[in-house]
Amino acid sequence: MALIICVSNYLVQFPFEYFGLNEILTWGAFTYPVTFLVTDLANRFFGKEFAKKVVFFGFVLGIALSFILTFEEFNLILLRIVIASGAAFLAGQLLDIRVFDILRNKLWFIPPIVSSILGSILDTIIFFSIAFYGTDSSWVVLALGDLGVKLFVDFAMLLPFRIAIARFS
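All values derive from a computational prediction rather than experimental measurement.

> Lay out the overall build of the chain in plain terms, naming residues and giving numbers.
In terms of regular secondary structure, the chain is built from eight helices and zero strands. Starting at the N terminus, the α and β elements of the chain follow one another as α-α-α-α-α-α-α-α. At 16 Å, the chain has a C-alpha radius of gyration in line with the 15 Å of a compact globule built from 169 residues. Its C-alpha atoms give the chain principal-axis dimensions of roughly 45 × 35 × 25 Å. The proportion of buried residues among the 169 residues of the chain is 41%. Partitioning the intrachain contacts of the chain with sequence separation of at least 6 by distance along the chain shows that 74% fall at a separation of at least 24. Taken as a whole, the chain presents about 9,500 Å² of accessible surface, with 72% of it coming from carbon and sulfur. Positive and negative charge centroids in the chain, built from 11 and 12 side chains respectively, lie 18 Å apart.

> I'd like a description of a nonpolar patch on the surface, backed by residues and values.
On the surface, Tyr10, Phe14, Tyr18, Phe19 and Trp27 cluster together into a nonpolar patch covering about 610 Å² of accessible area. Tracing the sequence through the fold places Trp27 in the loop between helix H1 (2-11) and helix H2 (28-31). For Trp27, a relative accessible area of 33% puts it in the partly exposed group.

> Before we move on, can you summarise the packing of helix H6 (residues 110-132) against helix H7 (residues 139-156) with the specific residues and values?
Any two packed helices are characterised by how steeply their axes cross, that is the angle between the axes, and by the distance between the axes. In contact at an axis separation of 10 Å, H6 and H7 are set at 160° when each is read in the N-to-C sense. When the axis of H6 is compared with that of H7, the two are roughly antiparallel. When the axes of H6 and H7 are compared, the crossing they make is right-handed. Together, Ile113, Ser116, Ile117, Ser120, Ile121, Asp123, Thr124, Phe128, Ser129 and Phe132 of H6 and Trp139, Leu142, Ala143, Asp146, Leu147, Lys150, Leu151, Asp154 and Phe155 of H7 make up the contact between the two elements. Here the residues of the contact of H6 with H7 sort into 11 nonpolar, four polar and four charged.

> Describe the side chain of Asp123, with residues and values.
Assignment of secondary structure puts Asp123 in helix H6. Note on Asp123: relative accessible area 4%, which makes it buried. Among the polar contacts listed, one links the side chain of Asp123 to the side chain of Lys150, at a separation of 2.5 Å. Non-local contacts of Asp123, meaning those with residues more than four positions away in its chain, are made with Tyr32, Ala88, Phe89, Gly92 and Lys150.

> Quick one: what's the story with unusual backbone geometry, residue by residue and with numbers?
Look at Phe19: it is not a glycine, yet its phi comes out positive at around 60°. Of note, Phe19 is situated in the loop between H1 and H2. Taking relative accessible area as the criterion, Phe19 reaches 74% and is therefore assigned exposed.

Conventions adopted
- Residues numbered from 1 in each chain as written.
- Predicted model: local features only at pLDDT ≥ 70, side-chain atom pairs only at ≥ 80, totals over all residues.
- Heavy atoms only, no water.
- Helix = DSSP H or I, 4+ residues; strand = E, 2+ residues; numbered from the N terminus.
- Rg over C-alpha atoms; globule rule 2.2 N^0.38 Å.
- Buried < 20%, exposed > 50% of the residue type's maximum accessible area, 1.4 Å probe, protein only.
- Contact = heavy atoms within 4.5 Å.
- Areas by Shrake-Rupley, 256 points an atom, 1.4 Å probe, with all protein chains shown as cover.
- Lys, Arg positive; Asp, Glu negative; His and termini not counted.
- Charge placed at Lys NZ, Arg CZ, Asp CG, Glu CD.
- Patch = residues over 30% accessible without salt bridge, like charges linked within 9 Å, V, L, I, M, F, W, Y side chains within 5 Å.
- Salt bridge = Lys/Arg side-chain N within 4 Å of Asp/Glu carboxyl O.
- Axes fitted to C-alpha atoms, helices over the stretch in contact; angles between N-to-C directions.
- Parallel < 35°, antiparallel > 145°, perpendicular 65-115°, else oblique.
- Left-handed = near helix turned anticlockwise from the far one by under 90°.
- Nonpolar A, V, L, I, M, F, W, Y, C, P; charged D, E, K, R; others polar.
- Polar contact = N/O pair within 3.5 Å; in protein donor to acceptor, adjacent residues only side chain to side chain.

Okay, structure coming up:
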């Protein structure tokens, strides 16, 4: 979890230069949703309490490592983004855990896809509204682009989820 957070925090600096999307997407949008796979696998194999521990431990370690690896000068804009990122991550992941646990006994693909979609939506709303509300940036467009990628990756993560549960169940 911490590794995915660090990689995503690093890759968010680099625009996605394809298909004219460099103004609305970064490479971090493609790696961050993998956190939902980690949470869902932890929940599936070890339960919701273990998944919460993975989220909190990954969050603390990931944020600490991200600060160490970030060479930017700390300022109020960065503080706003850090707060938005942390609040969004925790809210989205905890919602994911709750929804997954409620749907645990449904068909194999229902818990991870429903929980990841709802977690991604909440994560996106919280992050972009805290980080960019009241600024001159077109944050709603950025949020929609980011959410689109998250939803795509959420669906793509069904394959590794299925492989993992088939192999380790």
